[in-house]
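Read off the chains here:
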Amino acid sequence: MNKNYKPDILIIGSGFYGTVLAERLANILNKKVLIIERRSHIGGNSYSEFDKKTNIEYHKYGTHIFHTANKKVWNYINKFTEFNNYRHQVLTSHKNKIYQMPINLETINSFFKKNFSPSEAEKFINKKTKKFKTYKFKNFEDKAISQIGKELYEAFIKGYTQKQWGKSPKYLPESIFNRLPIRYNYNEDYYQQTQYQGIPKNGYKDIFINLTKNKNIKILFKEKYNLNYKIKPKYLTIYTGPLDSLLDYKFGKLEWRSLNFKKEIKNTKDFQGSAVINYPDLKNKFTRVHEPKHLHPERQPFNSNKTLVIKEFSIKNDNEPYYPINDEKNRAKHRKYKNEAGKIKKFEFGGRLADYAYYDMDMTISAALKKFDQIKNKIK
Ligand code: UDP
């Protein structure tokens, strides 16, 4: 790239937040956008690629299901991809037996060896949780036990959460548990049935290629950014990475959980019969097993005699951030960074990393669209 190249907008990071803003700025405002990306590929942690040996597409950073109740986001993203009809279902393996997740009537009946109706099951669980309802839910464990009782918590939640976050659920915020509803019916959908849902027919990589198609958008890969970066934009920089590294860790490191994946090819048509099975027991070091061919039943490799299986391990690695450890200590640190970054001239930031937030893809897109509405008048 020519040293004198001057984009109107410089965007750091090519995940959903950065590429949605690039798309709006180029297509609506006709601006020149330069995206720089530290990795060698587009799409942040939503990136997908094909396994060469099996031709099965997999999500490099863990299975991503697109789901949203936000019609504006759904209509927007459908301009850049078609979705298949996949609906996410998750199973969980406890003591070598498979149960449904999130906990529903089938999980309750199967686990307690009962045959309850919905109201009987609710009464049964209420009896178990009654004495815990008076807790002030300050942490994940108290909240979980007050909702589902001790037995279900210990079988399906405690070990998984311990492995996922690397600490006792007593020291985690209750908000994480809010992601997991308990259901007194046989609904097996992982997400609310009212949500739009699917996997991009041509994969996630294709969405990002489509979002950045405008010839006024340029992308530089394997490119690092700091506040003295050689290229200065005419109007604005939009930063989507973590704020601590941007500001030289002056208030200390923000902590993140990260993931490791171990891929294996199995010589069988179907290894586990589902896209994701969770492993809450501590005796297994991994948290989930992914079998990505199940995300695309409409594709040819679905019937082949090989399948790709990916084990997921949760690790601490602040340099490869996935999940913010949203405790008070880290949130306070993040507030200081946010305040400091807010003072930088012609500089905006957002997305899962910069906001240190547990966003799903749709929330990230929604936040980017809102940011566009906020900034568009400043740069016309
Ligand atoms: N969780 C659990 N058991 C499970 C699945 C989830 O205890 O079988 C807990 C765990 O603490 C996890 C949280 O619920 O971090 C949110 O799970 P979700 O599936 O939403 O996580 P994600 O898909 O975003 O990694």
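Scroll up for the structure.
Residues numbered from 1 in each chain as written. Predicted model: local features only at pLDDT ≥ 70, side-chain atom pairs only at ≥ 80, totals over all residues. Heavy atoms only, no water.

Caption draft 1: Region of interest: the packing of aromatic side chains. Applying the stated criterion to the full structure yields 25 aromatic pairs. The structure contains a cluster of three or more aromatic residues connected by ring pairs, namely Y99, F111, F112, F116, F124 and F156. Here the basic side chain of K97 rests over the ring of Y99, its NZ or CZ set 5.3 Å away from the ring centre. Over the ring of Y358 we find R179, and its NZ or CZ is 4.0 Å from the ring centre. (Phe/Tyr/Trp six-rings, centres within 6.5 Å; stacked < 30°, edge-to-face > 60°. Lys NZ or Arg CZ within 6 Å of the ring centre and 35° of its normal.)

Caption draft 2: Local environment of the side chain of E141. The residue E141 is located in helix α5 (residues 140–165) in this model. No salt bridge is formed by the buried E141; its nearest oppositely charged neighbour, K170, is found at 4.0 Å. Ignoring sequence-local partners within four residues, the contact set of E141 consists of Y153, K158, P169 and K170. (Helix = DSSP H or I, 4+ residues; strand = E, 2+ residues; numbered from the N terminus. Buried < 20%, exposed > 50% of the residue type's maximum accessible area, 1.4 Å probe, protein only. Lys, Arg positive; Asp, Glu negative; His and termini not counted. Salt bridge = Lys/Arg side-chain N within 4 Å of Asp/Glu carboxyl O. Contact = heavy atoms within 4.5 Å.)

Caption draft 3: Focus on the pattern of salt bridges. One pass over the full model with this rule turns up 24 salt bridges. One salt bridge connects D327 with K167, and the closest N-O pair in it is separated by 3.4 Å. With a gap of 160 residues between them, D327 in the loop between β15 (323–324) and α8 (328–341) and K167 in the loop between α5 and β8 (196–198) connect regions that are remote in the sequence. Taking the relative accessible area as the measure of exposure, D327 reaches 15% and is therefore buried.

Caption draft 4: View of the packing of helix α3 (residues 105–112) against helix α4 (residues 118–129). In contact at an axis separation of 11 Å, α3 and α4 are set at 65 degrees when each is read in the N-to-C sense. Put simply, α3 runs roughly perpendicular to α4. The handedness of the crossing between α3 and α4 is left-handed. On α4, the residues that touch L105, I108 and F112 of α3 are P118, A121, F124, I125 and K128. When the residues that make up the contact of α3 with α4 are grouped by side-chain class, the tally is seven nonpolar, no polar and one charged. (Axes fitted to C-alpha atoms, helices over the stretch in contact; angles between N-to-C directions. Parallel < 35°, antiparallel > 145°, perpendicular 65-115°, else oblique. Left-handed = near helix turned anticlockwise from the far one by under 90°. Nonpolar A, V, L, I, M, F, W, Y, C, P; charged D, E, K, R; others polar.)

Caption draft 5: Inspection of the sheet that holds strand β10 (residues 236–239) at higher detail. Sheet architecture is open: five strands sit in the order β9-β2-β1-β10-β16, paired in parallel fashion. Where the open sheet ends on each side, the last strands, each with one partner, are β9 (217–220) and β16 (347–349). The mean inter-strand angle of the sheet, taken between neighbouring strand axes irrespective of direction, is 20 degrees. Pairing of strand β1 (residues 9–12) with strand β2 (residues 33–36), which is carried by four bridges, proceeds in the parallel orientation. Counted as the bridge partner of L10 is L34 from β2. (Pairing = 2+ DSSP bridges.)

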